[in-house]
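Close look at the chain arrangement
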Amino acid sequence: MKKRNRVTICLAAGVLVLAVSAAAAFGSANGYAAYKDALLNLALEEENFTAKGSLSVKMDSAEVVAADLAYAQDGVNRSSRMTGHQGSTTYDQYNTTLNGVNTWFNGDSQLYYEAQVSREATNLLSYDKNDEMSSRLVNFLSIAADTVMGDLKNTFVQIGSQDGKDLYQVTISGSQVPSLVNAGLSLFAYECAGGGDAYDNVCYENNTKTQLAYYEKTTGETLSEEFKNSILNGYSDEWYQANQAQVEKYNEVSGGAMYDSYSQILDDKGGGILYVKADGSYDYFPSMKDYLAAHPEMAADNLEYYVGKDLALDQVDCTFSLDSQGRVADTQLTVTFQTVDADGGRHTMEVSGDVTLSDYGTTTVVPLDVGDRIKA
């Protein structure tokens, strides 16, 4: 039985990148070139700027993924905070690298983490302009984009200027999308979906809570609330040293053996979806379609199912502005896709993003405030 552990954000980001590549190419010769150059400069050259952005993924009008990001970069120093939700799971993550020290924590954790890092790259994508292979790759991709889009670059509209920024807008329908773009999206979807393999999997409502329940059921022991909270929320080195024997026993009992036991149950049923609840009980579904009908909140964790057979770009609505120095000031993008799921059902997926960039050359990264958290 082949198991799946697909990363939803990678799917959304990858799809968005392909769509942005298509949308950016639908510019006038001047608008297209200016935007492309600005994006390349941002990714490969800029060393100091602040960005705020949001991302939303909707499946059949229901939002399944949402994220907000605040990012600051000053050379090798960088800070970010990301909040959002993926289905029923929420997150709030802080991460700062300053003067060779990386500090990070989750908003709901009592702990923070710290590590020494060695970073030399000062641009967003860690691009080394002196590396011949990297330079040739960037040049190839730039020329390839120009060649594929051809005359479609002339359909872009400049809608005016405001506050020293030039404003642009473009709306693209599916009939205008180059066949190579949709062919690439179709290939991308097939790869994300695992090449059409069966969707057999064990899914957990809350993996750690299930491990705790499994341990108590297997050993007959009742774990203390303090131990459970530490396992669920993280623990310090001091706590681990004081509870090492118990933690090691817990890991031994609730490690591979638990996963093997549920996998065996699914194997005995001949495949399908086994949904394991926090208390260790489970429900069985013969197919992913049945599982998602019963648990629509899990759509975010299974976006690859919705594009299991095909993915095509249907509509692009994009506005952006460039400042007086030709740098990206903001971009609003909504991309609509038509998908065919692994069972042949048709869906509409909408990916939208909104990014604002500012403080070029004046951004300062400040130390991360860890509050009263304990160093892990």
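Described in the following lines is the structure provided in the data block. Every value quoted in this text rests on a predicted model; they were computed, and no experiment measured them. (Residues numbered from 1 in each chain as written. Predicted model: local features only at pLDDT ≥ 70, side-chain atom pairs only at ≥ 80, totals over all residues. Heavy atoms only, no water.)

1. What to know about the overall build of the protein
For clarity, the threshold we go by: Here a helix means four or more residues in a row that DSSP labels H or I, a strand means two or more in a row labelled E, and each is numbered from the N terminus. Each residue's exposure class comes from its accessible area (1.4 Å probe, protein chains only) as a fraction of the maximum for that residue type: buried when under 20%, exposed when over 50%, partly exposed otherwise. Contacts: residue pairs with any heavy atoms within 4.5 Å of one another. Per-residue accessibility takes into account occlusion by the displayed protein chains alone, with areas from the Shrake-Rupley method and a 1.4 Å probe.
Assigned secondary structure in the protein consists of 11 helices and 15 strands. Out of the 376 residues belonging to the protein, those deemed buried represent 41%. A separation threshold of at least 6 residues defines the contact pool for the protein, and within that pool the share at least 24 residues apart is 61%. Just so you have it, the protein exposes about 19400 Å², and 49% of that area is on carbon and sulfur atoms.

2. Some remarks on the pairing of strand S7 (residues 157-162)
Convention followed: Two strands make a pair as long as DSSP finds a minimum of two bridges between them.
Note that S7 and strand S8 (residues 165-173) share five bridges and pair antiparallel. Across the sheet, residue Gln-162 finds its bridge partner in S8, namely Lys-165.

3. Describing the environment of Ala-278
Within the element layout of this structure, Ala-278 appears in the loop between strand S10 (273-276) and strand S11 (282-285). Sequence spacing of Ala-278 and Lys-209 is 69 residues, and the spatial spacing of their C-alpha atoms is 5.2 Å.

4. Remarks on the nonpolar core
We apply this condition: To qualify as a nonpolar core, a set must consist of buried Ala, Val, Leu, Ile, Met, Phe, Trp, Tyr and Cys residues joined through side-chain atoms within 4.5 Å.
Judged by nonpolar contacts, the single largest core of 47 residues is most densely connected at Val-64, Tyr-291, Leu-313, Phe-337 and Met-349. The greatest single-element share of this core, amounting to six residues, is contributed by strand S12 (residues 310-322). In terms of nonpolar packing, the next biggest core, distinct from the first, is built from 17 residues, Val-202, Tyr-214, Tyr-215 and Leu-223 among them.

5. Structural notes on the sheet that holds strand S9 (residues 201-204)
Selection rule: What counts as an axis is a line fitted to C-alpha atoms, over the stretch in contact for a helix, and the angles between N-to-C directions run from 0 to 180 degrees.
Taking strand neighbours across the sheet as the criterion, the three strands line up as S9-S10-S11 in an open arrangement whose pairing is mixed. Both edges of this open sheet fall to S9 and S11, since each of them pairs with a single strand only. Averaged over all pairs of adjacent strands, the angle between their axes in this sheet comes to 20°, without regard to strand direction. Where S10 meets S11, four bridges bridge the pair, whose relative direction is antiparallel. Note that in S11 the partner of Val-276 across the bridge is Tyr-282.

6. Describing the pairing of strand S5 (residues 101-106)
Across six bridges, the pairing between strand S4 (residues 89-98) and S5 is antiparallel. Across the sheet, Leu-98 pairs through a bridge with Val-101, a residue of S5. Linking S4 back to S5 in an antiparallel pair, the connection comprises two residues, with Asn-99 at a positive phi of about 55°. Of the strand pairs in this sheet, S5 and strand S6 (residues 111-116) are connected by four bridges, and their pairing is antiparallel. Across the sheet, the residue bridging to Val-101 is Gln-116, located in S6.

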